[in-house]
Amino acid sequence: MATHLIKRITLNPSHSPFSLRLKTTSSQYVASRIRDATFEKFMDKYKNLLKVISIQDLILANPNNPPSVSVDFLNRLSQKLHLNRGATAFLRKYPRIFEIFYDTSLSQPYCKLTPLAIQISKEEHEAITKTHPLVINRLIRLLSMSLSKTLPLRAIFKVWRELGLPDDFEDSIISQNPNLFLVLDAHEPNTHLIKLIDTNPSHDLTTAVENWRVMECCKDDCSVDRTEIRFSFKHSYPPSMKLKKNFRAKVKEWQKLPYIGPYEEVRGVKKRSKNGVMEVEKRAVGIVHEFLSLTVEKAVEVEKISHFRKWFGIDLNVRDLFLDHPGMFYLSTKGKRHTVFLREGYERGGLIDPNPVYCVRRKLLDLVVLGRRGLNSGDYKLSESESESEEDDVVQEMEND
């Protein structure tokens, strides 16, 4: 009887971050979440962009002139790259990005990037180079959230693209700023740590949510009590989610709860009272909120952020943390990966406040969305003028839709 009761509760868990949630498996909690059609539609396109980027990185890492990889090599990686119908079929879906050619000297087909894709890659590199001061600031902030001001290098490698770091950030950023960063050997073999050695309080470590609170208070039509907004976070819920009175009351109570900020020093022993547990949970929410705010696209894979959990002092399941706060985060399972979005950063499937790196990456996403549209079935190339004209027409058509 008890087992059946637990299963019934599991299949319909409360989305309140404060109620006791009984569940048999975390996957059932993921399956029971409220879907947001806007984010799901965006992920339908974004999941293919991630596959395109993986292949692009493999091509650009090759020293050939021009950079290229054999199609046979990509076919062997099909399962790892989640290419269900094989590499050849996937490459042919995006003729504006990939070009297949036959290498007569090696007697096998190879793949290279089209001139347009190479140009976008160069633009992204230039955008990252121009924002080096911002990149350094992101790295300082990331290390400052760590309890020991130290993070494993392999964890940062996991999110270098999400943070907008250059692909050689270890040399171009860390080594070039010895007054800020120090590389240490960890206890494990072949493992290195990065330590923030300049903890000067002059560094601007104002969190993103604090900036939002100031902007809300400065609005002419602000009707929010300043004492209420002091510890609040911005919330927006999926259109299909019905908010019950009890849920709204608990959210209001949680918003008023004080907590230790991501960059503040944690002192004392964790409290075991109800409020103490909620404060620990709210600090964890503040950390992951700030982490997502530091990313270029205000999104990251849950598996990647989990590598920082121990270093940030988060004792909770990060994935469940996102699900417990549907007004702040949205979790998508498209593309055989769990991707979390910062809800407040998006509107109609795009960033509200786009940055230069994001804008360049959207160009590549536009080519992914175009696919073979506008191309004849037997054609793999168009003249430059025809290509640009048709791309502009189809992009305009998608924007109108």
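Every value quoted in this text rests on a predicted model; they were computed, and no experiment measured them. Every chain's residues receive numbers from 1 upward, in the order its sequence appears when written. Predicted model: local features are reported for residues with pLDDT of at least 70 only, side-chain atom pairs are reported and counted for 80 or more only, and whole-chain, interface and lining totals are derived from all residues. Only hydrogens and water are set aside; all other atoms, that is, all heavy atoms of the structure, feed into the side-chain values.

**What about the overall build of the chain?**
Looking only at helices and strands, the chain has 18 helices and eleven strands in total. Any residue under 20% of the maximum accessible area for its type is buried, any over 50% is exposed, and the rest in between are partly exposed; the area is computed with a 1.4 Å probe on protein chains only. Counting only residues that meet the buried cut, the chain has 46% of its 401 residues in that class. At a minimum sequence separation of 6, the contacts of the chain that also span at least 24 residues come to 64%. By element, 51% of the accessible surface of the chain is carried by carbon and sulfur atoms, the whole surface being about 22,100 Å². Helix and strand assignments come from DSSP, with helices taken as H or I runs of at least 4 residues and strands as E runs of at least 2, each series counted from the N terminus. By definition, residues are in contact when any of their heavy atoms lie within 4.5 Å. Each accessible area is a Shrake-Rupley estimate made with a 1.4 Å probe; only the visible protein chains count as cover when residues are assessed.

**A closer look at the sheet that holds strand β5 (residues 181-185)**
Here, a strand pair is defined by DSSP locating no fewer than two bridges between the strands. Spatially, β4-β6-β5 is the arrangement adopted by the three strands of the open sheet, whose pairing is antiparallel. Looking along the sheet, the strands with just one partner apiece sit at the ends: β4 (150-152) and β5. Strand-to-strand, the axes of this sheet are offset by a mean angle of 30°, without reference to chain direction. Interaxial angle, 0 to 180 degrees, is taken between N-to-C directions of lines fitted to C-alpha atoms, where a helix line uses only the stretch in contact.

**A word on the environment of Tyr346**
Looking at the secondary structure, you find Tyr346 in strand β10 (residues 346-347). In the structure, Tyr346 is positioned 308 residues away from Thr38 in sequence and 9.7 Å away in space, judged by C-alpha atoms. The residues contacting Tyr346, other than those within four sequence positions of it, are Phe39, Glu297, Lys298, Ala299, Phe341, Leu351 and Ile352.

**Examining unusual backbone geometry**
The linkage connecting Asn65 with the following residue, Pro66, adopts the cis geometry, with an omega of 0°. Looking at the secondary structure, you find Pro66 in the loop between α3 (37-60) and β1 (68-70). With a phi close to 60°, His82 is a non-glycine residue in the positive phi region. Secondary-structure assignment places His82 in the loop between α4 (71-76) and α5 (87-92).

**A few points about the packing of helix α7 (residues 132-144) against helix α13 (residues 274-294)**
At a minimum axis distance of 11 Å, the contact between α7 and α13 shows a crossing angle of 165°. Classified by the interaxial angle, the pair formed by α7 and α13 is roughly antiparallel. For the element pair α7 and α13, the recorded crossing hand is left-handed. Along its contact with α7, which presents Arg138, Arg141 and Leu142, the element α13 presents Glu290, Phe291 and Leu294. In this classification, Asp, Glu, Lys and Arg are treated as charged, Ala, Val, Leu, Ile, Met, Phe, Trp, Tyr, Cys and Pro as nonpolar, and every other residue, Gly included, as polar. Residues that form the contact of α7 with α13 fall into these classes: three nonpolar, no polar and three charged. Roughly parallel refers to an angle under 35 degrees, roughly antiparallel to one over 145, roughly perpendicular to one between 65 and 115, and oblique to any angle outside these ranges. Helix crossings get a hand from a simple test, with the near helix turned counterclockwise from the far one by less than a right angle marking a left-handed crossing and a clockwise turn marking a right-handed one.

**Quick notes on the packing of helix α6 (residues 115-130) against α7**
Two numbers describe how α6 lies on α7: the axes approach to 5 Å, and their chain directions differ by 70°. Here α6 is positioned roughly perpendicular relative to α7, judged by the angle of their axes. Of the residues in α7, those in contact with Ile128, Thr129 and Lys130 of α6 are His132, Pro133 and Val135. In the contact of α6 with α7, the residues fall into three nonpolar, two polar and one charged.

**Considerations on a nonpolar patch on the surface**
Exposure above 30% relative accessible area and the absence of a salt bridge qualify a residue for a patch, where like charges join within 9 Å and nonpolar side chains (Val, Leu, Ile, Met, Phe, Trp, Tyr) within 5 Å. The working definition used for a salt bridge is a side-chain nitrogen of Lys or Arg within 4 Å of a carboxyl oxygen of Asp or Glu. Side chains of Leu147, Ile260 and Val266 sit close together on the surface and give an oily, nonpolar patch of about 230 Å² of accessible area. Its place among the elements puts Val266 in the loop between α12 (245-256) and α13. On the accessibility criterion, Val266 (40% relative accessible area) is partly exposed.

**Topic: the pattern of salt bridges**
By the definition in use, this model includes 14 salt bridges. For Arg161, the salt bridge is made with Glu124, and the minimal N-O distance between the two is 3.8 Å. Pair noted here: Arg161 is in the loop between α8 (153-158) and α9 (169-174) and Glu124 is in helix α6, with a separation of 37 residues, a long-range link. Across the pair, exposure class does not vary: Arg161 and Glu124 are buried alike.

**Observations regarding the packing of aromatic side chains**
Any two of the Phe, Tyr and Trp rings considered here, Trp counted by its six-membered ring, make a pair once their centres fall within 6.5 Å; the pair's planes then place it as stacked at under 30 degrees, edge-to-face at over 60, or tilted in between. Taken as a whole, this structure holds 18 aromatic pairs when the rule is applied. Ring centres of Phe42 and Tyr46 lie 5.3 Å apart, and the angle between their planes is 25°; this geometry places the pair in the stacked category. One end of the pair, Phe42, and the other, Tyr46, are both in helix α3, four residues apart, so they sit about a helical turn from each other. Taken individually, Phe42 and Tyr46 each receive the classification buried, so the pair is uniform in this respect. With a centroid separation of 6.2 Å and 35° between ring planes, the pair formed by Phe101 and Tyr110 is classed as tilted. Look at Tyr110 and you get buried, because its relative accessible area is 11%.

**Thoughts on the side chain of Thr207**
Looking at the element boundaries, Thr207 is found in the loop between β6 (192-196) and α10 (208-218). Given a relative accessible area of 5%, Thr207 falls into the buried group. Not counting residues within four places of it along the chain, the set of residues in contact with Thr207 comprises Arg141, Pro262, Tyr263 and Glu290.

**Structural notes on the pairing of strand β8 (residues 329-332)**
Residues Phe329 and Leu331 of β8 are buried on one face, and the alternating residues Tyr330 and Ser332, pointing to the opposite face, are buried as well. The pairing of β8 with strand β9 (residues 339-342) spans four bridges and is antiparallel. Along β9, the bridge assignment pairs Phe329 with Leu342. The antiparallel hairpin formed by β8 and β9 contains six residues in its connecting segment, where Gly335 sits at a positive phi of about 70°.

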